[in-house]
Amino acid sequence: MNTFTASATLATEEEDDKVASMHAPTTAHNRTRTKGYSDISGMILRDAPYNARMMPFATSGLDRLSEKDQAALQDEILHAANKSGRKKTKSEIAAMMATGFLGEEAKKGSGRKRQVSNADQITKFGYAPQLGYDDLKMAEAIVVHGTARTREASNLSDMVIKEEIEKKEEDGFVYNHVGLTSAEAAKLLEQYGKNELPEKVTPKWLLFLQQFYAPMPIMIWVAIIIEIAIQNYIDMGILLFIQFVNASISFYELNKAGNAVQALKSSLKPQATCKRDGKWDVLDATLLVPGDLVLLGSGSAIPADCRVNNAEIDVDQAALTGESLPVTFYKGDSCKMGSTVVRGEVEATVEFTGSNTFFGKTASLLADTGEVSHLQKVLMKIMMILVGFSVTLCLINFAYLMIEGESLKESLSFTIVLLVASIPLAIEIVTNTTLAIGSKALSHHGAIVARLSAIEDLAGMSILCSDKTGTLTLNKMVLQDETPVYSNGENQESVLVYAALAAKWKEPPRDALDRLTLGSVNMDLLVDYEQVDFLPFDPTIKRTEGTLKNIRNGAEFKTTKGAPHIIMNLLNASDIETKEKVEADVAHFGEMGIRCMAIAKKDLKDGKDEWKMMGLLTFLDPPRPDTKQTILDANNYGVNVKMITGDHLLIAKQTAKVLSMGDKIFGSDNLPMLDPETKQKPANLGKTYGNLCLAADGFAQVFPEHKYLIVETLRELGYSVGMTGDGVNDAPALKRADVGIAVAGATDAARAAAAIVLTEEGLSTIIHGIVIAREIFSRISNFITYRISATLQLLCFFFIAIFAFHPADFTPEDYEEWPQYFHMPVLMLMLITVLNDGTLITIAYDYASASETPNKWNIPALFVTSSILGMVSCLSSLLVLYLLLDSHSPDGFFAKVGMSGVDYGQITTAIYLKVSVSDFLTLFSARTGSKFFWQVKPAPILLLGGVIALTVSSILSIVWPPSAPDGIETEGLKSNMGVFGFIWLYCIVFWFIQDIAKVAAYRVMYKTNFNGINDTGEFFDVIFSC
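Everything in this summary refers to the structure shown in the same document. Everything numeric here is computed off the predicted structure, so don't read it as measured data.

### Quick look at the environment of G615
Part 1 of the reasoning: With respect to the helices and strands, the residue G615 is situated in strand β17 (residues 612-620).
Part 2 of the reasoning: Separated by 120 residues in sequence, G615 and V495 place their C-alpha atoms 6.3 Å apart.

What follows is the structure, encoded as structure tokens:
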């Protein structure tokens, strides 16, 4: 996937400010006053980052506008967004979202949206049931309706707050407490199918054979067949070797890549305890159907997506989320197939089976699309251009030789050898070797490469979609210093003690809140208390409660902890002052994404029997210490980092603010979903949702499908997209991304779906990976530039030489007539190709500098550079061929410089030396890009490889025995070392000329911005009109 580069006019943030100032209200407005059209227009354009869900809370009146005013508001914002014909900015897209306009625009493109079900969601340990997101919902509701006194003045009941917090769509799920009959189960089995994950498996032997009939191998097979026909068995053997090496490397790559669906299936268990026909029985889990009553006990696997009928169980979801700590599920909660019960026993009703389960939906998104990697596309495109050019010239050569009277065998033999020698058959071998050596360097920085081509994708990555929890943050709730207290004499330490007393402090923590509380409290302060009674969390009361006795003085009291609105309901109705303070604090912290847990106490001997609010414990999952710098480094390298999280919007916004990621954090309301029946993405995904995904600095409250479709949307726009994740729910997005990155501690399914697996926590490893990947990209690009130029030099030289020079016309007197056409033996051509390509493996170790922006392939510019290098070499070869053929002429160059004439056999060997030397010197020019070859020092190992190749070629040219392979006269230069020295000096002179021509070509291309050569691959702060 190549990076889409902005060519449109940039819409600057300064223009945003002008729009904002045009519509900004001129007077301050009281929060409780219902605002009119002009007020809200200004607020939206000024405070656009709020999304469609938060906007009603922020504007306190948008939803109360008349339809006419809402339509006018939409028209005004759309006009502002499209003024002067420029593209929309982030802020304008956000404003369109806020008014619902973008939502309507998206709906037009995507059709109906399906309802999100329990199969789309997964509960993690960090989601504490006794708190949920109730504190943040309460903060949102308070922003809209005001605190207790404000509501009282407006004659609003406290029920409005409760309704906002507990607002929940009824899903209509029917619990089964008696089980199904066999007849009912059979009917449902026919309707829903078996409870298993479908998987299409291609046998490995077939995968291996498939590597032999791709476009490139087919061309080699044709050449092999012709070599057999003309009985050139040595050449045939060389081609067969190259064919099998290429196929083996490709098969190894395919086989090494993880099978994500198989990783999912490996975690499933085959049996389930189910109630059928009034009795419990152990069944094959594949026969379960929706509505079945199953028994989930300690040690048993959850056989399908089930809803807990009653009581509670602790479930190990490591296979789904990668988390080692179990999650407690209560009545009505949905536990997923693939999990394991570690404590408790409950009856549950099967909700989804097979492809409709969380696992099934994940598996359907992991289906292999058969899409080849971007690097393969680039290599194939280059190969097709070279092959097309080579075949055309070789056919012309063949026709000319036949017309001139050469035999069919000789003409065909020379044509095929020239064709095979000119096509860079080893390009894939050298490229994959360079990538493999680079992957070893990445592993030293904690990044294991599962798919080699992902390194090239990583070099061109311009957008990185990162999960929040555990990647950007610590995945650990940390107590904050601010602890509001509402009773005299209390402080953070005492409030922590009361919170710990409302838990089983002598037992392991049951959830994230217990872990936070018990991990922060001073346990020495709890030794004076005895827990007389304990009320565990129950979804009906949503709090925990402990009855305590002070061992020293015998005083008895109760403590409780839970969501603020739940604990506030325990207070005396007349205690408005405390409620006012609590609500104001909750709203304040909620606005910053900081969570709040309320703690209250009730003395049992004072006769008042009243709960008193002790205080609020504030906490959050903080960013990793290195995350902010890592994101800054990514931005400096031209990579835009977007946060994609299932966490609450307010938390996501605060995290983004702390990390300086931007303030355009949107909810998932406007994001698309897959079709419920076909599981296909919406049509025109990039066109319909591209503006939204580009405008966003992140998305919150998303589901697995959203992650997948966000990645797909950005890819459809032409961006190279990276995605990080750790759970089963992330696997589809990891597989679909150009660079899927499984973070440390990821599940087997996530690792199998990813192209790169991190062994160290956080994002910093990715930055090291980007730098190394761009260095590798530079090496591959240099090699390909060289290989194209070498191909063009060899092909054009022999093509022109056939027509331009007839050695027979240069035959000296008293010499046996020279050949009619200049040929080179097959063996010499093969030596040039094999020797140079063989030593080119060392380019994988060459020094290279990482680009400051994402790399992208510019094939036209690549061919221009290669053509310049190749044509200079070709012309110099043609010139020296003429000088050698004319060496016996008394008026020739050789006679003028005092050198004797050269025999034809030595002319052949001299041209072999010239092509070999200039071929490898071209590499040293190609590797430096737009710089002169002396400005970039080569790596010692590359220099050694060059010395070896040039030394071997030189020695062979000297000691080559007098012979006539393929009927072509050849002889070593040991009897004429002057020619040997002349060829070397000649090559060096033209090397400088070649390099100067290359640098001049680059300067012209940069000056004219040839094919967008100056454009970078980085993410621009621009939104493109759809």
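### Considering the sheet that holds strand β20 (residues 698-699)
Part 1 of the reasoning: Strand order in the open sheet formed by 8 strands is β10-β23-β22-β21-β11-β18-β20-β19, and the pairing between neighbours is mixed. In this open sheet, the two edge strands, each paired with only one partner strand, are β10 (447-449) and β19 (665-666).
Part 2 of the reasoning: Relative to strand β21 (residues 721-725), helix α29 (residues 704-716) is tilted by about 165°, and along the sheet it contacts β11 (463-466), β18 (640-644), β20 and β21.

### Details of the sheet that holds strand β8 (residues 340-343)
Part 1 of the reasoning: Read across the open sheet, the 3 strands follow the order β6-β5-β8; overall the sheet is antiparallel. At either end of the open sheet lies a strand with only one pairing partner, and these are β6 (327-329) and β8. For this sheet, the mean inter-axis angle between neighbouring strands, taken without regard to orientation, is 45°.
Part 2 of the reasoning: Pairing of strand β5 (residues 313-316) with β8 involves 3 bridges; the strand directions are antiparallel. In the sheet register, D314 faces β8, and the bridge partner there is R343.

### Structural notes on the pairing of strand β16 (residues 595-603)
Successive residues of a regular strand alternate their side chains across the two faces of the sheet.
Part 1 of the reasoning: Across the 9 residues of β16, 8 count as buried, placing the element largely inside the fold.
Part 2 of the reasoning: As paired elements, strand β15 (residues 556-562) and β16 share 6 bridges and run antiparallel to each other. For F557, the partnering residue across the bridge sits in β16 and is D603.
Part 3 of the reasoning: For β16 and β17, the ladder comprises 7 bridges, and the chain directions are antiparallel. Bridge pairing links A598 to L616 in β17.

### Considerations on a nonpolar patch on the surface
Part 1 of the reasoning: A cluster of nonpolar residues, W205, L209, Y213, I218 and V222, forms a patch on the protein surface that exposes about 540 Å² of accessible area.
Part 2 of the reasoning: Along the chain, the position of I218 falls in helix α12 (residues 215-229).
Part 3 of the reasoning: Here I218 falls in the partly exposed class, since its relative accessible area comes to 43%.

### A look at the nonpolar core
Part 1 of the reasoning: Core analysis: the biggest nonpolar cluster contains 132 residues, and I756, I784, F798, L881, L884, I907 and I911 have the highest contact counts within it.
Part 2 of the reasoning: Core analysis: the next-biggest nonpolar cluster, separate from the first, contains 35 residues, A695, V702, V711 and Y719 among them.

### Some thoughts on the packing of aromatic side chains
Ring pairs (aromatic) are described by centroid distance and by the angle formed between their planes.
Part 1 of the reasoning: This model, assessed by the stated rule, comprises 28 aromatic pairs.
Part 2 of the reasoning: Here the aromatic rings of Y498 and F557 are separated by 6.4 Å at their centres, their planes lie at 85°, and the arrangement is edge-to-face. A residue pair is termed long-range when its members are at least 10 positions apart, and Y498 in helix α22 (residues 492-501) and F557 in strand β15 qualify at 59 residues. No difference in accessibility class separates Y498 from F557, as the two residues are buried.
Part 3 of the reasoning: For the ring pair F666 and F699, a centre distance of 6.2 Å and an interplane angle of 65° mean the geometry is edge-to-face. Of this pair, F666 sits in strand β19 while F699 sits in strand β20, placing them 33 residues apart in sequence. Pair check on accessibility: F666 and F699 agree, each one buried.
Part 4 of the reasoning: One Lys or Arg, K601, reaches over the ring of F557 and ends 5.0 Å from the middle of that ring.

### Structural notes on a negative patch on the surface
Part 1 of the reasoning: Taken together, the side chains of D809, E816, E817 and E969 define an acidic patch exposed on the protein surface.
Part 2 of the reasoning: Residue position: D809 is located in the loop between α32 (764-804) and α33 (826-839).
Part 3 of the reasoning: A relative accessible area of 62% means that D809 is categorised as exposed.

### Looking at helix α23 (residues 512-520)
Owing to its 3.6 residues per turn, the α-helix brings residues three or four apart onto one side.
Part 1 of the reasoning: Regarding α23, the residues found buried are A512, L513, D514, L516, T517 and L518.
Part 2 of the reasoning: At its buried positions, α23 is contacted by β12 (478-479), α22, β15, β16 and β17.

### Section: the packing of helix α7 (residues 134-145) against helix α25 (residues 576-591)
Part 1 of the reasoning: As a packed pair, α7 and α25 sit with axes 8 Å apart at the nearest point and diverge in direction by 105°. Here α25 runs roughly perpendicular to α7, going by the angle between their axes. Counted together, D135, L136, M138, A139 and I142 of α7 and E583, V586, A587 and G590 of α25 form the full contact between these two elements.
Part 2 of the reasoning: Classifying every residue of the contact of α7 with α25 gives 6 nonpolar, 1 polar and 2 charged.

Procedures and definitions
- Residues numbered from 1 in each chain as written.
- Predicted model: local features only at pLDDT ≥ 70, side-chain atom pairs only at ≥ 80, totals over all residues.
- Heavy atoms only, no water.
- Helix = DSSP H or I, 4+ residues; strand = E, 2+ residues; numbered from the N terminus.
- Pairing = 2+ DSSP bridges.
- Contact = heavy atoms within 4.5 Å.
- Axes fitted to C-alpha atoms, helices over the stretch in contact; angles between N-to-C directions.
- Buried < 20%, exposed > 50% of the residue type's maximum accessible area, 1.4 Å probe, protein only.
- Patch = residues over 30% accessible without salt bridge, like charges linked within 9 Å, V, L, I, M, F, W, Y side chains within 5 Å.
- Areas by Shrake-Rupley, 256 points an atom, 1.4 Å probe, with all protein chains shown as cover.
- Salt bridge = Lys/Arg side-chain N within 4 Å of Asp/Glu carboxyl O.
- Core = buried A, V, L, I, M, F, W, Y, C linked by side-chain atoms within 4.5 Å.
- Phe/Tyr/Trp six-rings, centres within 6.5 Å; stacked < 30°, edge-to-face > 60°.
- Lys NZ or Arg CZ within 6 Å of the ring centre and 35° of its normal.
- Lys, Arg positive; Asp, Glu negative; His and termini not counted.
- Charge placed at Lys NZ, Arg CZ, Asp CG, Glu CD.
- Parallel < 35°, antiparallel > 145°, perpendicular 65-115°, else oblique.
- Nonpolar A, V, L, I, M, F, W, Y, C, P; charged D, E, K, R; others polar.

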